[in-house]
Amino acid sequence: MTDDRIVRALRAALVDNERLRQENDRLKRTAGDPVAVVAAACRLPGGIASPEDLWDLVAEEREGLSPFPADRGWDLGALFAADPDRPGTSYVTRGGFLQDAGAFDAALFGISPREALAMDPQQRLMLEVSWEALERAGIAPTSLRGERAGVFTGVMYHDYAAGLAEVPADLEGFLGTGTSGSVVSGRVSYTLGLEGPSLTVDTACSSSLVAVHLAARALRDGECDLALAGGVAVMARPAPFVEFSRQRGLAPDGRCKAFADAADGTGWAEGAAVLLLERLSDARRNGHPVLAVVRGSAVNQDGASNGLTAPNGPSQQRVIRAALDAAGLAPVDVDAVEGHGTGTPLGDPIEAQALLATYGRDRPAGRPLWLGSLKSNLGHAQAAAGAAGIIKVIEALRHGTLPATLHVDAPSTRVDWADGAVRLLTRQRDWADPGRPRRAGVSSFGVSGTNAHVIIEEAPAPDAPAIPPEPPAVQPWEVSGATADALRAQAARLASFVADRPGLEPAAVAASLAAGRAALAHRAVVAAADRDEALAGLRALAAGEPSPAAVTGVADVEGRTVLVFPGQGAQWAGMGVELAAESTVFAAALAEAGEALRPHVDWTLADALRGPLDRVDVVQPATFAVHVALARLWESLGVVPDAVVGHSQGEIAAAHIAGALSLEDAARVVALRSQAIARGLAGRGGMASIALPADRVTARLARWGGRIETAAVNGRASVVVAGDADALTELIGAYEDEGVRVRRIPVDYASHSSHVEAIRDELHTVLAGLAPKPSAVPFYSTTEGEWLDTTRLGAAYWYRNLRGAVRFDTATRALLDAGFRTFVEAGAHPVLAAEIQDAAGATAAVAAGTLRRGEGGLRRFLLSAAALRVRGAAVDWTALLAGQPRTDLPTYAFQHRHYWLETSAPAAAVRPPAEPDTEAEAPSPLAGLADLAEDERRETLLEFVRREASAVLGRPPAEPLTPTDVFFEVGYVSLTAVELRDRIAAATGLELPAMLLFDRATPAELADHLLTELGTTAPGQE
Amino acid sequence: MAFDVAAYLAALGHRGPAAPTLATLRALHHRHLRTFAYDSALNAGRGTALWAGVDIDRDAAFDEIVLGGRGGVCYELNGLFRLLLHELGFDVGVFGAGIRQMDGGFGPDLEHVFNHARLDGDLYLVDVGFVGPSYLEPLRVTEQVQEQHGSRFRVVPVDGYHVVERSGRSGVWQAVYRYRDRPRDLAEWQAPSPELEAFARALAGAGILVRGRSTATGQRVLIGKRLLTVDDGRETVRVLTDPAEHERVVADITGAPAATGGTR
């Protein structure tokens, strides 16, 4: 080999080494990134609905057993027999059952009641518990669509609807997926749109622990970034009890006496438990809470053991050692084990011996391994047991306490406890700081031979929290629900949660609500300056009462957004002053606009805004500045226009926001043009608004032969005219005499009329040299009545904008026709929103103002934003609340109904109790009816019927039935139909049949009927 | 045409023997409900004297209903069917029932006229004159649950009455009506009864029409504009606010006997 070749070979080897080193680093990096538990949620026997409930039960050494459920169609009369040999019977009469395992909120998940009925309750439970787990991590469950989030679910029962003699016809097509094990995990992925691996694990009683092991591996391998891992077990049929009764495998009293000498069999239980797992580094970066760390885990098999279902001690030892190896730990590094401990006299001793042979060895004196089992409290939750055990360990870590294991008369005499240092937790112990992170192992062994062991470690100390910025003076608290009832219930939950925690930082609540909860269809926003105000708003929401601090609505608006800039008339002395003090975004934008105006004016914006605003050359530039700054504030909340439209001088701000005019050019237009108006037009004319259709006004104007012209058409019956002052006075007088609503606008010039021609040349001169650009945002011109190429926004356009009529009605219709649905009037006071809403008619569109006269602070801005948000607009509060700390919040108030295919139990009524009748002393709601004109009587009756009809259904007063709602299609049943009949009969004195609503199907029909009936009878008389 | 067994069986589409067995009773009961509509419009002209004609003119009723194809009310439909069963050799008699009202209570004891039959030592309720939802085939008087076309039925004793209860797929048990276990004589309806009169007055005042007809697997019950459809034990409610659709459904229910298998 020549030297050259040696050098080349050495070089190649070095390159290889480098490649291997990098590969090794990558593996070490991901393998070394521990997996964090960022949330947990569960439903377990004893009414446990959260990890906190679980801890209370365990810490108080309570049990969760109950008699067999009566709501599953089980023949309880024939199920029990003391004789263990009697076929078809159970000698056990108690178990760890989930209370109302059939309860489900189908509406939240967009599932029809029919499909819900056909769905295995295990699928339904995992939807709800997964939703809760995400919420508990501060993740909006609807925010993960398309994300690499995995679902790993342990399931072992597949018996829902299995006893059905024949498939009911309308459930055909649902039962296949409804009862499939794979769909338990798949449906969670589907419903939440998760695109990471999704799989169902059936290793029987070790299923959920194996699922956690697989999820942690998938996270470490980079296969997903977030994982829901856990298990569920609901016994749809009593077969497990019958089966194990024949084998005499059940404790007659239903209690698992784990590792006790008195152990006499296992006790079946149910549960659903879900952990949300994430790589620790990601959890830290994403600001998710870290409850604990999955330090290591392992899975193995009994192999060819003594029997298919017999436990195998040596295999159990191996799985524990493998988990310790994976964690890089020695037995002495672990303080406790949550044992499988099912309470069988044969299985428990094998497990204890395996623990003695592993964890029991090489421990210093006084540091035994502490052993217990949750099964002693709840029974054996089977496919959910391992994940439930982890939740118990997490809570024990949080509380620094090792809870007692129950029912130990004495440690099992079948175990040679002297063989190592393992002790039973016969009483609760402090979990003393061992000088390293506290750790506990969790074991599960499946009947088919698959063993799992997971080592859970105390969460590392969190980083010191950053000092949050000063919170906004008023904060939006957004709550929502899939239904109106859910919204009310959610508000009630949040109110009581906050009331119980006086130390809670309001800004933290607002920020956590904004970022960590789904925005569902029925929405409300409370704008609150402090905790008390927030509580009052929430309580009003919960009671369905109106509150000045709360805005509610249904998110029914879908479509693009328009920023609408009003012209003159929205201004008021003091506008923007308060908001500038409360919003840095607004203040900065306002200052910039003031700076752009400065070269052209001899006043300062800050002074001008305080008033008196009595000169056109101050009013117009000041209004422009406020409107531009409001638009910037809207944009900071994510309300970015898809189009802009302006009314009269509002087109100048619109042109700037669209990107057509620089701020400097726009400021020049508004300042110099308003000065030309002051010089050339002031004192010569006037303007007036008239509440009549444009054609009727135009016809009327002919009499003055061009001395008055139509200046603007704002809506269906909203016209502005301009012209000579004396002619205008005559017109106003004439309309007033006729009772037409007419109002003189407080200006002394006539914009949008021939008067403007006097300053035509001047405007062309002073505005020469503008540099309009093509805009990114489309600009609908109310001057031209069409979409405009914004390079045309030069001096000539700004003259025409002042000379021609404003065709705002044309713009509104065109925008609505083009599919724009959210109209945000960026103004100091709303003057156009009502016209837009009127033009939209029945179309689901929302038009909102921004500030109001005399209400110019952040509170009004937030209430306006809330009005858009509750209707579905993309208002994002997070920018406003950036940097605020997060806090735990109550999870979703599921609106449960009972779904169970084989049961005869009635479906749970979800109707909230009707409000107590507090109006007994109030005068009759129909008092004075007889004195009204016929159409007013009908209106009054209709309102009355709608209100009563809503009250009977328990709906909030803010959501009355619509006139065309069909009673029997919006929740009415026989009893409520009679109740409504009774109320109406009592108020009207009419004799009405019980079947009234069968014929008078809607509030409108019923009101018409009452009108007819009352025509011959005065109210209150027979 | 005078009452005629062969023509009656032909109208019901019954072929083959009609021996007085449970199988015959079942088949005829279900076919009767599917062939002849319940239609309270026929009460409209009767004021409060709703039960004056309980003892029907058999030939006239046969002509109008069995041959003419108009619907009928309880005592007409059940009266005709009772005559038919008697002719075929069944041991039949009359019961009176109070129907469950909307508020959960029951109407007067003699509000509803229906039949019973004794077969092989068992007592069966036989009712082809009730709009429903109810049993499509004769119901054995027992507390044991009997399943029929997706609905479940039982007869439970309460306060000296027997209450017929029904539960659809939703699983909720609801009373259909209650009766006293005492064969009635049609003359009982002719005795003056303030209770019945008040009840009839309320019904007449309401002016709400009740119509219904059974299908192979359920029933359609149209009260006013509210259409309840029971199919294989599943109930759906629709309210026919469109007058044209309402008219179509009324015609569909009360029209000439529907082809077997329903019209949907």
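Given the structure is predicted, the values throughout are model-derived calculations rather than measurements. (Residues numbered from 1 in each chain as written. Chains lettered and ligands numbered in written order. Predicted model: local features only at pLDDT ≥ 70, side-chain atom pairs only at ≥ 80, totals over all residues. Heavy atoms only, no water.)

This next bit is on the overall build of chain A. For chain A, the count of helices and strands is 34 helices and 31 strands. The principal-axis extent of the C-alpha atoms belonging to chain A is close to 115 × 110 × 50 Å. Relative to its full complement of 1022 residues, chain A shows a buried share of 57%. Within chain A, counting contacts between residues at least 6 apart in sequence, those at least 24 apart form 78% of the total. Approximately 40000 Å² of chain A is accessible, and the part contributed by carbon and sulfur atoms is 51%. On chain A, the mean spot of the 94 positive side-chain charges and the mean spot of the 128 negative ones are 5 Å from each other. (Helix = DSSP H or I, 4+ residues; strand = E, 2+ residues; numbered from the N terminus. Buried < 20%, exposed > 50% of the residue type's maximum accessible area, 1.4 Å probe, protein only. Contact = heavy atoms within 4.5 Å. Areas by Shrake-Rupley, 256 points an atom, 1.4 Å probe, with all protein chains shown as cover. Lys, Arg positive; Asp, Glu negative; His and termini not counted. Charge placed at Lys NZ, Arg CZ, Asp CG, Glu CD.)

Residues and elements named next belong to chain B. If you trace the 8 strands from one edge of the open sheet to the other, you get β5-β4-β3-β2-β9-β8-β7-β6, paired in antiparallel fashion. Taken across any chain shown, the strands that pair with only one partner, and hence form the sheet edges, are β5 (139-140) and β6 (146-148). Across 5 bridges, the pairing between strand β3 (residues 112-119) and strand β4 (residues 122-126) is antiparallel. Directly across from A117, in β4, lies its bridge partner Y124. Helix α4 (residues 74-88) contacts β2 (91-99), β3 and β4 of the sheet and is inclined by roughly 20° relative to β3. (Pairing = 2+ DSSP bridges. Axes fitted to C-alpha atoms, helices over the stretch in contact; angles between N-to-C directions.)

Below, the discussion takes up the sheet that holds strand β6 (residues 198-201) of chain A. Strands belonging to one sheet form pairs held by backbone hydrogen bonds; the direction of such a pair is parallel or antiparallel. All names here are of chain A. Strand order in this open sheet of 11 strands is β6-β5-β7-β8-β1-β9-β16-β15-β10-β11-β13, and the pairing throughout is mixed. The open sheet is flanked by β6 and β13 (422-424), the only strands paired with a single partner. The mean inter-strand angle of the sheet, taken between neighbouring strand axes irrespective of direction, is 25°. In this structure, strand β1 (residues 35-43) lies alongside strand β8 (residues 271-279), joined through 8 bridges in antiparallel fashion. Its bridge partner lying in β8, R43 is registered against A272.

Turning our attention to the state of the cysteines. With the rule as written, the count across this model stands at 0 disulfides over all chains. Cysteine C205(A) remains unbridged, with the sulfur of C256(A) as its closest cysteine sulfur at 10 Å. (Disulfide = S-S within 2.5 Å.)

All names here are of chain A. Of the residues in chain A, 95% have a pLDDT of 70 or more, and the chain-wide mean is 91. Across residues 903-922, confidence stays below pLDDT 50; counting only partners more than four residues off in sequence or on other chains, it has 33 contacts. Note on residues 1017-1022: pLDDT under 50 across the span, and 9 contacts to partners over four residues away in sequence or across chains. (pLDDT = per-residue confidence, 0-100.)

Below, the discussion takes up unusual backbone geometry. Cis rather than trans, the peptide bond between G611(A) and P612(A) has omega equal to 10°. Tracing the chain through its elements places P612(A) in the loop between α20 (605-609) and α21 (616-636). Residue P133(B) follows G132(B) across a cis peptide bond; omega there is 5°. Structurally, P133(B) can be placed in the loop between β4 and β5. With phi around 55°, S648(A) is a residue other than glycine that occupies positive phi space. With respect to the helices and strands, S648(A) occurs in the loop between β21 (643-646) and α22 (650-658). Located in the positive-phi region is H149(B), a residue other than glycine, with phi close to 50°. Note on placement: H149(B) falls in the loop between β6 and β7 (151-158).

The next subject is the side chain of D105(A). All names here are of chain A. The topology assignment puts D105 in the loop between β4 (103-104) and α4 (113-118). Comment: no salt bridge for buried D105; closest opposite-charge side chain is R43, at 9.1 Å. A polar side-chain atom of D105 sits 3.4 Å from the main-chain amide nitrogen of A107. Among the polar contacts made by the side chain of D105, one reaches the main-chain amide nitrogen of Q895 at a distance of 2.8 Å. (Salt bridge = Lys/Arg side-chain N within 4 Å of Asp/Glu carboxyl O. Polar contact = N/O pair within 3.5 Å; in protein donor to acceptor, adjacent residues only side chain to side chain.)

All names here are of chain B. The predicted model of chain B has a mean per-residue pLDDT of 88, with 96% of residues at 70 or higher. Contacts of residues 257-264 to residues separated by more than four positions or lying in other chains number 11 contacts, the stretch itself having pLDDT below 50. This prediction of the complex comes with two scores: 0.71 for pTM and 0.84 for ipTM.

All names here are of chain A. Counting buried positions over the 9 residues of β8 gives 9, a clear majority of the element. Across the two faces of β8 the burial is the same, with G271, A273, L275, L277 and R279 and A272, V274, L276 and E278 all buried. Two strands pair when backbone bridges link them, and strand β7 (residues 226-233) and β8 are joined in this way by 7 bridges, in the antiparallel orientation. What sits directly across from V232, in β8, is A272.

With that out of the way, let us pick up the packing of aromatic side chains. Residue and element names in this part refer to chain A. Applying the stated rule across the entire model yields 28 aromatic pairs over all chains. Look at F68 and F97: their rings are 5.0 Å apart centre to centre, the planes differ by 65°, and that puts the pair in the edge-to-face class. Here F97 lies in the loop between β3 (94-95) and β4 and F68 lies in the loop between β2 (66-67) and α3 (76-79), a separation of 29 residues in the sequence. Classification of F97 by relative accessible area gives buried; the value is 2%. When the centroid spacing of 6.2 Å and the interplanar angle of 65° are considered together, the rings of W131 and Y892 count as edge-to-face. Taken as a pair, W131 in helix α5 (residues 121-136) and Y892 in the loop between α30 (858-869) and β31 (897-898) lie far apart in primary sequence, 761 residues in all. Of the two residues, W131 and Y892, both sit in the buried class. (Phe/Tyr/Trp six-rings, centres within 6.5 Å; stacked < 30°, edge-to-face > 60°.)

Another point: the interface of chain B and chain A. Facing the 22 residues of chain B at the interface are 24 residues of chain A. Summing both partners gives a buried area of about 2000 Å² for chain B against chain A, and 65% of it is carried by carbon and sulfur. Considering only the surface of chain B that becomes buried against chain A, M102(B), I208(B) and R234(B) emerge as the three largest contributors, covering 33% of it. Linking chain B with chain A are 1 salt bridge. In this structure, E1005(A) and K225(B) form a salt bridge, with 2.5 Å as the shortest nitrogen-oxygen distance. No other element matches strand β13 (residues 234-239) of chain B, which puts 4 residues into the side of chain B that touches chain A. Residue composition of the side of chain B that touches chain A, grouped by class: 9 nonpolar, 5 polar and 8 charged. (Buried area = accessible area lost by both parts, 1.4 Å probe. Nonpolar A, V, L, I, M, F, W, Y, C, P; charged D, E, K, R; others polar.)

Residues and elements named next belong to chain A. The buried count for β1 comes to 9 of 9 residues, which makes it a mostly enclosed element. For β1 and strand β9 (residues 292-301), the ladder comprises 3 bridges, and the chain directions are antiparallel. Counterpart to V37 in the pairing with β9 is A292.

The next point concerns the nonpolar core. W477(A) and W798(A) are the most contacted members of the largest nonpolar core, which totals 102 residues. In terms of residue count, the dominant contributor to this core is α21(A) (12 residues). L996(A), L50(B), V66(B) and F199(B) belong to the second-largest nonpolar core, a separate cluster that totals 87 residues. (Core = buried A, V, L, I, M, F, W, Y, C linked by side-chain atoms within 4.5 Å.)

Let us look at the packing of helix α31 (residues 934-953) of chain A against helix α32 (residues 974-988) of chain A. Residue and element names in this part refer to chain A. The N-to-C vectors of α31 and α32 enclose an angle of 140°; their axes lie 10 Å apart at closest approach. On the basis of the axis angle, α31 is oblique to α32. Crossing handedness for the pair α31 and α32: right-handed. In contact with F944, V945, E948, A949, A951 and V952 of α31, α32 contributes T976, E979, L980, R983, I984 and A987. Of the residues that constitute the contact of α31 with α32, the class distribution is 8 nonpolar, 1 polar and 3 charged. (Parallel < 35°, antiparallel > 145°, perpendicular 65-115°, else oblique. Left-handed = near helix turned anticlockwise from the far one by under 90°.)

Let's shift gears to the pattern of salt bridges. This structure, assessed with the given rule, holds 58 salt bridges over all chains. Between D838(A) and R716(A) there is a salt bridge, with its nearest N and O atoms 3.1 Å apart. Taken as a pair, D838(A) in helix α29 (residues 833-840) and R716(A) in the loop between β23 (708-715) and β24 (718-724) lie far apart in primary sequence, 122 residues in all. Given a relative accessible area of 34%, D838(A) falls into the partly exposed group. One salt bridge connects R166(B) with E235(B), and the closest N-O pair in it is separated by 2.8 Å. Of the two residues, R166(B) sits in strand β8 (residues 161-167) while E235(B) sits in strand β13, which places them 69 residues apart along the sequence. Exposure remark for R166(B): the relative accessible area of 7% places this residue in the buried category. What you see here is one network of salt bridges that share partners, running through R148(A), D225(A), R279(A), D282(A) and R285(A).

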